[in-house]
Structures are given as structure tokens and as C-alpha cells.
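Chain and residue survey
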Amino acid sequence: MIEIKSLIARLRRTLKDEDENSFTDDELLDYISDAITFVRRLIIPLNPEYIAVPVAKGALAGGENEVKLSAASLQQVVDVRVNGVKIRRDNISAVCNTEETGEIKRYCLLNRKRVLFFPIPQDSCSYEIIGIKQQPELTLNDSTPYGSDIDPLIFEYVVIRAGMGDMFQMSQEMSIMSTIVEQINSLVRGANESEDNFVEGY
């Protein structure tokens, strides 16, 4: 992570704009925000756990099967556990009997606001929901949301975006952008890869 103000100062040195004649802070902030969104869109389909966080944790009493979430802050549910056991997601239309009781086997997500567990548990149980929160609006007082391995790629993206006005550099810039995408793919795919994906040596 790097402070946005520090990142802007570095960008100005690279862009030869220390006198602030070419870009305002708000313009560079917009480019940085676009870069973060760009990286985020690559991360989510590749490895959502890279940016996932606990969004809800608690206990359900017997006869209860609903957990309310803050839809304003939630973008995607990644994993749901009941008593530590992973349960699968299903559509509410696939639940034949919503009043059936028993051991929880699945959950349904409605409008990113409500998680419903089925069958309805007869006994109390614990739950934990892991998800991806919405990207908050970036300000000059913030820091980049990812690790130091991603920060240089955000920097490169902004430099490219800021230089897109020069049509003579377009092909070179698009080539660099492709390289950035490849580097992000490589970093994110292997960030928390399961040990099951590796073959032990003899």
C-alpha cells in the first residue's frame, strides 16, 4: 500500500509535471481510481479471495434462518460456512420447501441484502460469511488498497492513461498495458493457491 499523495508526487516526477501545469490532483486521483477499478475487475474472476474479507459472523438460534447484510458495502459473497462447514449457494426458486427443518445444506442470497439458510436449523449454529466489499470512493487522504506488489502496476497504468493524448505513443502504451494485465494475472493467480494444486516431490 502507498499513500495517494505520495503516489501523486511520484507520478508528477515521472510525467515531468512538478509545476502542476498539466494535471490537477483531482485528475490524477481519477486516473488512480480507474487503475484500482481496472485491477479489481481482473482480480475478482481470477482469485476473489485476494480481496475478500469477513462481512458477517454470528450465531443463528434454532428456528432462525436469515442474516441481513449491508447491500451498500457488499459486492459479492465468496464463501459461507455453518459450524465451520462450507455450504453451497442455490437459487431460492430451487428450494422446494422453504419451511423444511433440519441440518443446513445451502444458502440463498437475495438482493445482496439477505442470506437465507435451508433447511431451517432446529438447533443453534454459528455462521461466517466471506465476501468482497464495494470499492469506496478514493480520496487524497487514502492509500492504495492492494499490496506493494500491485502498486507498481497501478503506477504504470496511470502513467499510460495520462499519456494517452499522444497518438504517436499509443501502440507502445497499449503494449505496456498488455504487459500489466499479464503481470496482474500472474500475481493474483498464485497469491493464495491451494496446496492441492502442487505436486509433492519425491
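First things first, this report covers the structure right here in the doc. (Residues numbered from 1 in each chain as written. Predicted model: local features only at pLDDT ≥ 70, side-chain atom pairs only at ≥ 80, totals over all residues. Heavy atoms only, no water.)

Focus on helix H1 (residues 4–14)
Stated precisely, the cut-off is as follows: When accessible area is computed with a 1.4 Å probe and restricted to protein chains, residues below 20% of their type maximum are described as buried, those above 50% as exposed, and intermediate ones as partly exposed. Secondary structure elements follow DSSP: runs of H or I of four or more residues count as helices, runs of E of two or more count as strands, with numbering from the N terminus. The arc in question is traced by the directions running from the helix axis to the C-beta atoms. Contacts are residue-level and defined by heavy atoms, with any inter-residue pair within 4.5 Å sufficient.
Inspection of H1 places Ile-4, Leu-7, Ile-8, Leu-11 and Arg-12 among the buried residues, and these make up the whole buried set. Each buried residue of H1 sits inside an arc of 140 degrees when the element is viewed along its axis, so together they form one side. Of the surrounding elements, those touching the buried residues of H1 are helix H2 (25–46) and helix H3 (151–162).

Details of the layout of surface pockets
Rules: Buried and open spaces are told apart on a 1 Å grid over the protein atoms alone, a cavity being a set of points where a 1.4 Å probe fits but cannot get out and a pocket being an open set with protein on both sides within 12 Å along at least five of seven lines. Residues with an atom within 4 Å of a point are the lining residues. Grid points are joined across faces, edges and corners, and a volume is the space filled by probe spheres set on the points. Gly counts as polar in this scheme, as do all residues outside two lists: the nonpolar Ala, Val, Leu, Ile, Met, Phe, Trp, Tyr, Cys and Pro, and the charged Asp, Glu, Lys and Arg.
Looking at the largest pocket, its volume works out to about 260 Å³. Val-82, Asn-83, Glu-103, Ile-104 and Cys-125 are the residues nearest the centre of the largest pocket, which is lined by 14 residues in total. When the residues that make up the lining of the largest pocket are grouped by side-chain class, the tally is six nonpolar, four polar and four charged.

Looking at the nonpolar core
Soluble globular proteins tend to pack their nonpolar side chains together in the buried interior. Defined as follows: Put simply, buried Ala, Val, Leu, Ile, Met, Phe, Trp, Tyr and Cys residues joined by side-chain atoms within 4.5 Å make one nonpolar core.
In this structure, Leu-7, Ile-32, Val-39, Tyr-146, Ile-154, Val-158 and Ile-184 are the most contacted members of the largest nonpolar core, which totals 32 residues. Listing elements by their share of this core, those giving two or more residues are H1, H2, H3 and helix H4 (170–189). No other element matches H2, which puts 10 residues into this core. Once residues within four sequence positions are removed from consideration, Tyr-146 is found in contact with Met-1, Ile-36, Val-39, Arg-40, Ile-43, Ile-51, Asp-151 and Ile-154.

Observations concerning the packing of aromatic side chains
What counts, and what does not: Note on aromatic contacts: the rings of Phe and Tyr and the six-membered ring of Trp form a pair at centre separations within 6.5 Å, being stacked when their planes are under 30 degrees apart, edge-to-face when over 60 apart, and tilted otherwise. In our convention, an over-ring charge means Lys NZ or Arg CZ found within 6 Å of a ring centre and within 35 degrees of that ring's normal.
Evaluation of the coordinates by the stated rule reveals three aromatic pairs. Pairing Phe-117 with Tyr-127 gives two aromatic rings, centres 6.2 Å apart and planes at 45 degrees, and the pair type is tilted. Pair noted here: Phe-117 is in strand S7 (residues 114–118) and Tyr-127 is in strand S8 (residues 125–133), with a separation of 10 residues, a long-range link. Among the residues examined, Phe-117 registers a relative accessible area of 0% and is labelled buried. For Tyr-127, a relative accessible area of 12% gives the class buried. The positively charged end of Arg-10 is found above the aromatic ring belonging to Phe-155, 4.8 Å away from the centroid.

Focus on the pattern of salt bridges
Any two side chains of opposite charge can pair, on the condition that their charged atoms come close. Which entries qualify depends on this criterion: Between Lys or Arg on one side and Asp or Glu on the other, a salt bridge is scored when a side-chain nitrogen of the former is within 4 Å of a carboxyl oxygen of the latter.
As enumerated under the stated definition, the model contains nine salt bridges in all. Measuring nitrogen to oxygen at the nearest pair gives 3.7 Å for the salt bridge that ties Lys-105 to Glu-103. Using a relative accessible area of 60% as the deciding quantity, one classes Glu-103 as exposed. Look at the salt bridges and you will find they share partners, linking Arg-12, Asp-17 and Asp-25 into a network.

Purely geometric numbers; function is a separate question.
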